[in-house]
Amino acid sequence: MYLYNEFDQTLVNERVEQYRDQTTRYLNGELTEEQFRPLRLMNGLYIQTHAPMLRVNIPYGLLSSKQLRMLAHISHKYDKDYGHFTTRQNMQFNWPELERVPDILADLASVQMHSIQSSGNCIRNTTSDPLAGVCADEIEDPRPYCEIIRQWSTLHPEFSYLPRKFKIAVSGSPKDRAATQVHDIGLHVKKDEAGQVGFEVLVGGGLGRTPVIGQTIAPFIAEEDLLSYLEAILRTYNRFGRRDNKYKARIKILVRETGLDTFKEQVEQEWASIKDGQLKLTNDNIQRVKNYFTPLNYETANDEALEQHLANSGAFRQWFQQNTKAHKQAGYHVAFISLKSPTCPPGDITNVQMERVADLADQFSFGQIRTTHDQNLALTDVKSSDLYALWQQLTAQKLATANIGTITDMICCPGLDFCSLANASSIDIAQGITDRFTDSAIDTGNISLKMSGCMNGCGHHSIGEIGILGVDKKGEQWYQLTLGGSDSHQSKLGERLGKAIAKDDVVDAIDDIVHVYKANRTDNEDFASTLQRIGLQPFKDKVYDAH
Amino acid sequence: MTLIKNSEIVQDHWAVLDENQALQADHNIIDLDYWNANKDALIASKAPLGLLVQGDTSPDQFIDNIQHFELIAINFPSFVDGRGYSLAKTLREKHHYTQEIRAVGEVLPDQALYLTRVGFDALELSTKEAGLLALEKLNEFSVFYQAAAN
């Protein structure tokens with residue numbers, strides 16, 4: 001993985017001292033609330049319902065065991081012994097004290113981490129495929145490009161007061177595991193006929209109040225032009241994006257109102273003047289970063305011991321089938337660590353679990369951990385013969401729930417319990433669904449369920465096969481259901497099932513939906529295919545007739 | 001007002017044309033409307049002239065006349081409006097404007113460094129205190145991932 005040199009470390013250290021001074025001046029009354037706001041946001045600090053919330057960047061979802069131990073330490077020293085993984089592969093702490101945040105940032109800097117631009121109207125942490133570098137279908141490892149983007153976007157002087165936040169995701173495989181189509185910019189690694197690496201560039205995707213699937217603005221941009229093309233898009237957005245209404249300030253609205261063709265002309269005009277300037281990447285620039293992501297030192301291994309364990313233990317077999325994936329290296333597997341256990345809010349992890357996962361990463365997976373868009377973790381390089389031992393130790397930590405991809409592996413925002421924007425709670429609904437489906441989840445088959453406590457859509461409800469959106473109706477919490485969304489390489493927005501449902505009926509309604517699916521599916525038909533074949537009506541009938 | 005130019009607090013010789021539109025002898029900062037209405041006379045007077053624009057003013061509106069201006073002042077109606085940063089960068093990088101680009105309006109000390117990195121060489125701060133703080137803030141970072149605009 002990428003390691004800071006003296007330059008990177010100096011920058012992060014200076015950032016800590018800058019923020020320490022800003023915090024002191026705010027506490028002394030030398031900065032107003034309004035003036036301090038963008039400064040704290042650009043260091044990841046929100047003011048939430050109960051306390052500030054600090055969001056820490058995990059660049060493209062890659063962590064070393066040492067870094068994960070530091071997150072455990074921070075959660076223990078400054079917070080309430082747990083952290084929360086987000087859909088953008090970051091970690092949030094829900095209870096830090098504003099006064100101590102500079103110390104947290106200093107602790108993060110000591111392990112080459114930061115929270116720079118993890119919120120605010122600026123370029124956020126670049127996200128990517130959690131299986132980068134290990135999946136067989138990969139065209140090229142996206143992580144070096146993510147790191148190049150991280151450096152270019154960090155403390156970018158021109159793009160720190162954008163109309164609104166700006167998110168970039170990069171996928172190196174045809175199968176999109178980074179939700180790139182619902183990002184402000186989505187990048188897909190491509191190769192041209194000569195084998196030259198480049199990117200298909202998507203623009204204007206996003207969730208929130210106005211969910212939009214991103215459109216292709218450029219079918220192929222050569223890797224050397226990556227940063228100049230991004231800069232051209234950002235400059236065009238910074239100049240022309242709306243600033244009169246924050247709900248219309250994202251680039252998706254600009255693209256829609258301008259029209260993709262005109263927007264593209266503006267970008268290309270801008271690009272023409274900077275394309276061959278300082279941002280042009282040389283082979284050396286790219287190779288320097290690529291050298292940090294060379295293949296790991298895999299041993300010659302096989303699956304013999306694994307086969308033995310699979311034959312002997314049903315529980316292990318179930319976990320293996322649900323929570324592991326093939327690896328491009330023979331004799332290795334990817335193991336997902338589910339953070340959706342029946343006893344814990346989705347995406348939460350305790351400090352003790354973090355410590356243990358760090359140990360397991362050291363023991364079994366080259367000391368590296370990935371965070372996923374689905375709010376789980378992955379050890380991506382586990383020898384097949386070690387899987388059984390890994391499973392046993394994960395089980396002891398309640399981290400072996402065999403539910404990856406199932407209905408209980410849901411994406412969920414913190415909701416009304418923590419978030420000052422939320423209209424409705426999501427954690428208790430999640431708990432209800434978990435209780436209802438834990439025993440039948442695997443038998444039900446994979447269904448992506450995503451839930452947000454308000455229309456800002458942090459829980460990505462619009463692209464869930466089952467989406468749940470919390471709404472406020474005259475002070476009461478109601479829930480709007482959608483079906484048929486997708487976050488795959490052909491992302492799709494879900495369709496509204498009907499009128500909103502009262503809180504007490506939500507879990508039953510989900511149960512009804514699952515029943516209709518199970519009653520109508522052919523042998524191995526997945527949820528999306530059944531829905532497409534039979535349409536929305538049978539689901540509507542069942543849900544609304546019953547309630 | 002306190003003016004910082006090239007990382008020093010300096011005396012400001014320029015005056016912004018006010019509502020009464022009374023010119024001083026020279027070093028007037030005028031806006032585009034005034035320029036368009038009085039262009040010939042202003043050129044004939046040969047007095048040093050500055051132009052005040054907004055962050056969302058398109059360079060197309062003045063770029064053909066830019067040789068007449070010794071100073072371009074870019075106004076920030078609010079400190080969170082980042083359009084002026086892109087305009088300054090564009091003037092430096094694309095149009096190779098080498099004279100003074102001044103940030104005016106709501107400019108905060110914590111923004112001084114980013115402003116200078118995109119090409120502002122002059123910053124107008126609201127008070128002497130703010131000016132002194134801005135000078136300090138110019139030295140907060142010794143390293144940058146992005147090249148500075150010249």
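Residues numbered from 1 in each chain as written. Chains lettered and ligands numbered in written order. Predicted model: local features only at pLDDT ≥ 70, side-chain atom pairs only at ≥ 80, totals over all residues.

**Some points on the overall build of chain A**
Within chain A, the regular secondary structure consists of 18 helices and 21 strands. Principal-axis analysis of the C-alpha atoms places the extent of chain A at approximately 60 × 60 × 55 Å. The buried share of chain A, taken over its 547 residues, is 56%. (Helix = DSSP H or I, 4+ residues; strand = E, 2+ residues; numbered from the N terminus. Buried ≥ 20, exposed ≤ 12 C-beta atoms within 10 Å, placed from the backbone.)

**Here's the deal with the domain arrangement of chain A**
All names here are of chain A. Parsing chain A into structural domains produces domain 1 (6–109), domain 2 (134–290), domain 3 (304–396) and domain 4 (411–546). Domain 1 and domain 2 are separated by 26 Å when their C-alpha centres are compared. Contacts between the two partners involve five residues from domain 1 and, on the opposite side, six residues from domain 2. Classifying every residue of the side of domain 1 that touches domain 2 gives four nonpolar, no polar and one charged. (Domains from an automatic or database assignment. Contact = placed C-beta atoms within 7 Å. Nonpolar A, V, L, I, M, F, W, Y, C, P; charged D, E, K, R; others polar.)

**Here we look at the interface of chain A and chain B**
Across the boundary between the two partners, chain A contributes 26 residues, which contact 22 residues of chain B. Top contributing element to the side of chain A that touches chain B by residue count: helix H1 (residues 6–27) of chain A, with six residues. Among the residues making up the side of chain A that touches chain B, the classes are represented as 10 nonpolar, 11 polar and five charged.

**Quick notes on the nonpolar core**
Among the nonpolar cores identified, the biggest contains 143 residues, and Val201, Ile233, Ala335, Ile337 and Val357 of chain A together with Leu123 of chain B are the most heavily contacted of them. For this core, the element with the highest residue contribution is helix H6 (residues 226–240) of chain A, accounting for eight residues. When neighbours within four sequence positions are excluded, Val357 of chain A is seen to be in contact with Leu68, Ile337, Ile369 and Leu377 of chain A. Of all hydrophobic cores here, the second largest spans 41 residues; its members include Leu416, Cys419, Leu449 and Ile510 of chain A. (Core = buried A, V, L, I, M, F, W, Y, C linked by C-beta atoms within 7 Å.)

**Examining the sheet that holds strand E4 (residues 28–31) of chain B**
Whenever strands of a sheet pair, they do so through backbone hydrogen bonds, lying parallel or antiparallel. Residue and element names in this part refer to chain B. Ordered by their spatial adjacency, eight strands build an open sheet running E2-E1-E8-E7-E6-E5-E4-E3, and the pairing between neighbours is mixed. The strands lining the two open edges of the sheet, one partner per strand, are strand E2 (8–10) and strand E3 (15–16). Note that strand E7 (residues 100–105) and strand E8 (residues 122–125) share two bridges and pair parallel. Within the sheet, the bridge partner assigned to Ala103 lies in E8 and is Leu123. Sitting on the sheet, helix H1 (residues 32–45) is in contact with E4 and strand E5 (49–54), with an inclination near 120° to E4. (Pairing = 2+ DSSP bridges. Axes fitted to C-alpha atoms, helices over the stretch in contact; angles between N-to-C directions.)

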